[in-house]
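Coordinate analysis (summary)
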Amino acid sequence: MAVNPELVGRVFPPTAPYLVGREKVREFARAVFATDPQHTDPAAARALGYADVVAPPTFAMVVQDLTLQQLLAEPESGIVLERTIHAEQRFRYSRPIVAGDELVGRLSIVGVRAIGKGAMVTSEAEVTDAAGSHVVTATSVLLVGGDE
Amino acid sequence: MTAPAVGDVVAERTVHLTRESLVRYAGASGDFNPIHYRDDVAAQVGLPGVLAHGMLTMGLSVETIMPWLGDAGRILEYGVRFTRPVVVDADAGADVTVVATVGAVDAGAARIDLTVTHADTTVLGKAQVRVRLDA
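Let me sum up the structure you'll find in this document. Note that residues are indexed from 1 along each chain, following the sequence as it is written. Numbering of ligands from 1 and lettering of chains from A proceed in the order in which they are written. Owing to the predicted nature of the model, reporting of local features is limited to residues with pLDDT of at least 70; listing and counting of side-chain atom pairs is limited to 80 or more, with chain, interface and lining totals taken over all residues.

1. Some details on the overall build of chain A
We apply this condition: Secondary structure elements are taken from DSSP: a helix is a run of H or I of four residues or more, a strand is a run of E of two residues or more, and numbering for both begins at the N terminus. Put simply, a residue is buried when 20 or more other C-beta atoms lie within 10 Å of its own C-beta and exposed when 12 or fewer do; between those, it is partly exposed, and each C-beta is set from the backbone.
On a plain count of helices and strands, chain A comes out with three helices and five strands. Starting at the N terminus and walking to the C terminus, you meet the elements of chain A as β-α-α-α-β-β-β-β. Projecting the C-alpha coordinates of chain A onto the three principal axes gives extents of approximately 55 × 30 × 20 Å. Within chain A, the proportion of its 148 residues that are buried is 43%.

2. Quick word on the overall build of chain B
Of regular secondary structure, chain B possesses four helices and six strands. Each helix and strand of chain B, ordered N terminal to C terminal, gives the series β-α-α-α-α-β-β-β-β-β. Projected onto the principal axes, the alpha-carbon positions of chain B cover approximately 50 × 30 × 20 Å. Counting every position in chain B, which comprises 135 residues, the buried fraction comes to 36%.

3. Looking at helix α3 (residues 61-72) of chain A
In plain terms, the rule: What a helix is expected to span follows from its residue count: subtract one and scale by 1.5 Å. Contact definition: two residues whose C-beta atoms, as placed from backbone geometry, lie within 7 Å.
For α3(A), with 12 residues, the first-to-last C-alpha span of 16 Å sits near the 16 Å given by 1.5 Å per residue. In this structure, the buried residues of α3(A) make contact with β1 (18-19), β3 (102-115), β4 (118-128) and β5 (134-144) of chain A together with α1 (19-29) and α3 (54-63) of chain B.

4. Details of the interface of chain A and chain B
The cut-off we apply is this: Residue type decides the class: Asp, Glu, Lys and Arg count as charged, Ala, Val, Leu, Ile, Met, Phe, Trp, Tyr, Cys and Pro as nonpolar, and the leftover types, Gly among them, as polar. Pairing between strands is defined by DSSP: at least two bridges between the two strands are required.
With 26 residues of chain A at the interface, the matching set in chain B holds 27 residues. Sorting the residues of the side of chain A that touches chain B by element identifies α1 (22-31), α3 and β2 (84-93) of chain A as the ones contributing at least two each. When residues of the side of chain A that touches chain B are assigned to their parent elements, the largest contribution, eight residues, is made by β2(A). Of the residues in the side of chain A that touches chain B, the class split is 15 nonpolar, four polar and seven charged. Strand direction decides the pairing type here: β2(A) and strand β2 (residues 75-82) of chain B, joined by five bridges, are antiparallel. From the neighbouring strand, Gln89(A) faces β2(B), where its bridge partner is Val80(B).

5. Section: the environment of Gly118(A)
All names here are of chain A. Looking at the secondary structure, you find Gly118 in strand β4. Here Gly118 falls in the buried class, since 20 other C-beta atoms lie within 10 Å of it. With 27 residues separating them along the chain, Gly118 and Gly145 place their C-alpha atoms 4.4 Å apart. Not counting the four nearest positions on each side in its chain, Gly118 is found in contact with Leu143, Val144, Gly145 and Gly146.

Written out as structure tokens, the structure reads:
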């Protein structure tokens, strides 16, 4: 099955709220070799004006991934994980993610372009906090291979 | 943070990745695609070996500038293209080298270009961070 071109314009329902924990931020920071104290030391983060430790910039992918799971679970999408390559990734920030944030992601499919037997799928996950304010928009481009 | 000029190298580092790094990132990120820790699965889908997660390479690359930048809140935008894979050998691991250069400066903001290489090959394309410079 090829990628369904009718996916364009599709907006998925908001994900369940994701509560950002301090130890999760520390764990992620260690995993991306983030040694700056703002990511691990609450006092260092407070000195910069944040309520708690500051997540590394790409931590937003954790919420983006929850939204992409919705897309992959869509039986009509034609997107098969085994044939999918992550081609591009972009984040646009209003502010960094901080421990204690409760985040929700809303996925929109903004482009599907046929390439040979496959397709390039561009999606945007808009991440907002408990107050409904914008935190970050994560844009991903997936290259989905066609049937053999 | 000193006022940057185009061409300045503001930060650089080399990160040594091992299979342990990949398992650690899998756990921290939730990305458990087995091509990032199983040689048999990587071979089965035609890869040259177990690969680092693209998002791990993207994540460690931008962290290179954080001590210089001082505050993650200065980052306005960050984007990359995943152009070449980083193969992480079970014994030897893999070195990823990041050089951060000022690409452009305009009103209160700068574009930092990240050159990210592994085994003398550039692995990220158009890796650019837009940062706020004013207080």
